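Working through the structure, step by step
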Amino acid sequence: MTAKPRHAPRSQAFRAWQRMLSGRRLDLLSPSPLDIEIEDIAHGLARVARWNGQTAGAHIFSVAQHSLLAEMIARQQLRLDDKGRLAILLHDAAEYVIGDMISPFKAVIGDAYKSVESRLLAAIHVRFGLPPALPPELLNLIKT
């Protein structure tokens, strides 16, 4: 009797999708806006720690908390329409599935990470009625 191989042969394509709690199957290499649900984003971001959990205190500072805080600060300083506020709330939404990588690690990985993150964010934007790429002035506001 021969044992079954533990791994798929190299000739088979690797799996690049994640099953979400909603049941959707999100393809990381070619994400479809139709496979993105706000509940999945909210759930995921509430469980992802900013800075890999390297914060003081008994509890993490989640990406969801960060997103809400960023929107609140921007709203207090500028008059934003609903689309602008939504763009700020969703600025780190790709992290619901790929996590919050610290900037130094993103720099080490380089374009591969940025490419996946950009495709996910573009699909998220389209799903919620935003342009795939945000205008530079809004991106600068988000970074500030």
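Notes on the structure in this doc start here. Predicted, not measured: the structure shown is a model, and the values here were computed from it. (Residues numbered from 1 in each chain as written. Predicted model: local features only at pLDDT ≥ 70, side-chain atom pairs only at ≥ 80, totals over all residues. Heavy atoms only, no water.)

Here we look at helix α3 (residues 82-89)
At 3.6 residues per turn, the α-helix brings residues three or four places apart onto the same side. The following threshold applies: Remark: exposure states derive from per-residue accessible area (1.4 Å probe, protein chains only) relative to the maximum for the residue type, with buried under 20%, exposed over 50%, and partly exposed in between. Each helix is a run of DSSP H or I of at least 4 residues and each strand a run of E of at least 2, with the numbering of both proceeding from the N terminus. Starting at the helix axis, one direction is taken to each C-beta atom, and the arc is that of these directions. The criterion used for residue contact is that any of the two residues' heavy atoms lie within 4.5 Å.
By the burial criterion, the buried members of α3 are Gly 84, Ala 87 and Ile 88. Each buried residue of α3 lies within a common arc of 100° when the element is viewed along its axis, so the set occupies one face. Its buried side turned inward, α3 meets α2 (63-77) and α7 (136-143).

Observations regarding unusual backbone geometry
Glycine aside, negative phi is the norm for most residues, and most peptide bonds take the trans geometry. Positive phi values are uncommon outside glycine, yet Trp 51 reaches one of about 50°. Relative to the assigned elements, Trp 51 resides in the loop between α1 (38-46) and α2. Positioned with a positive phi, Asn 52 is a non-glycine residue whose angle comes to about 55°. In this structure, Asn 52 sits in the loop between α1 and α2.

Points about the packing of aromatic side chains
So the rule is basically this: Within 6.5 Å between ring centres, the rings of Phe, Tyr and Trp (the latter by its six-membered ring) count as paired, and their orientation is classed by plane angle as stacked under 30 degrees, edge-to-face over 60, tilted in between. Placement of a positive charge over a ring is assigned whenever Lys NZ or Arg CZ falls within 6 Å of the ring centre and within 35 degrees of the normal to the ring plane.
On inspection of all chains with the given rule, the structure shows one aromatic pair. Seen in terms of ring centroids, Trp 51 and Phe 61 are 5.9 Å apart; in terms of plane orientation they differ by 20°. Their pairing is stacked. With Trp 51 in the loop between α1 and α2 and Phe 61 in the loop between α1 and α2, this pair connects stretches of sequence that are ten residues apart. Residue classification places Phe 61 among the partly exposed positions, given a relative accessible area of 25%. Above the plane of the ring of Trp 17 lies Arg 25, whose end atom (NZ or CZ) is 4.6 Å from the centre.

Some points on the nonpolar core
For clarity, the cut-off: Note on terminology: a nonpolar core comprises buried Ala, Val, Leu, Ile, Met, Phe, Trp, Tyr and Cys residues joined through side-chain atoms within 4.5 Å.
If you look at the biggest cluster of nonpolar residues, it comprises 25 residues, and the most contacted ones within it are Ile 36, Ile 41, Tyr 96 and Ile 124. Looking at this core, the elements that each hand over two or more residues are α1, α2, α3, α4 (95-98), α6 (111-127) and α7. In terms of residues, this core owes the most to one element, α6, which gives four residues. Residue contacts for Ile 41: discarding those within four places in its chain leaves Ile 36, Ala 93, Tyr 96, Ile 124 and Phe 128.

Purely geometric stuff here, so don't read any function into it on its own.
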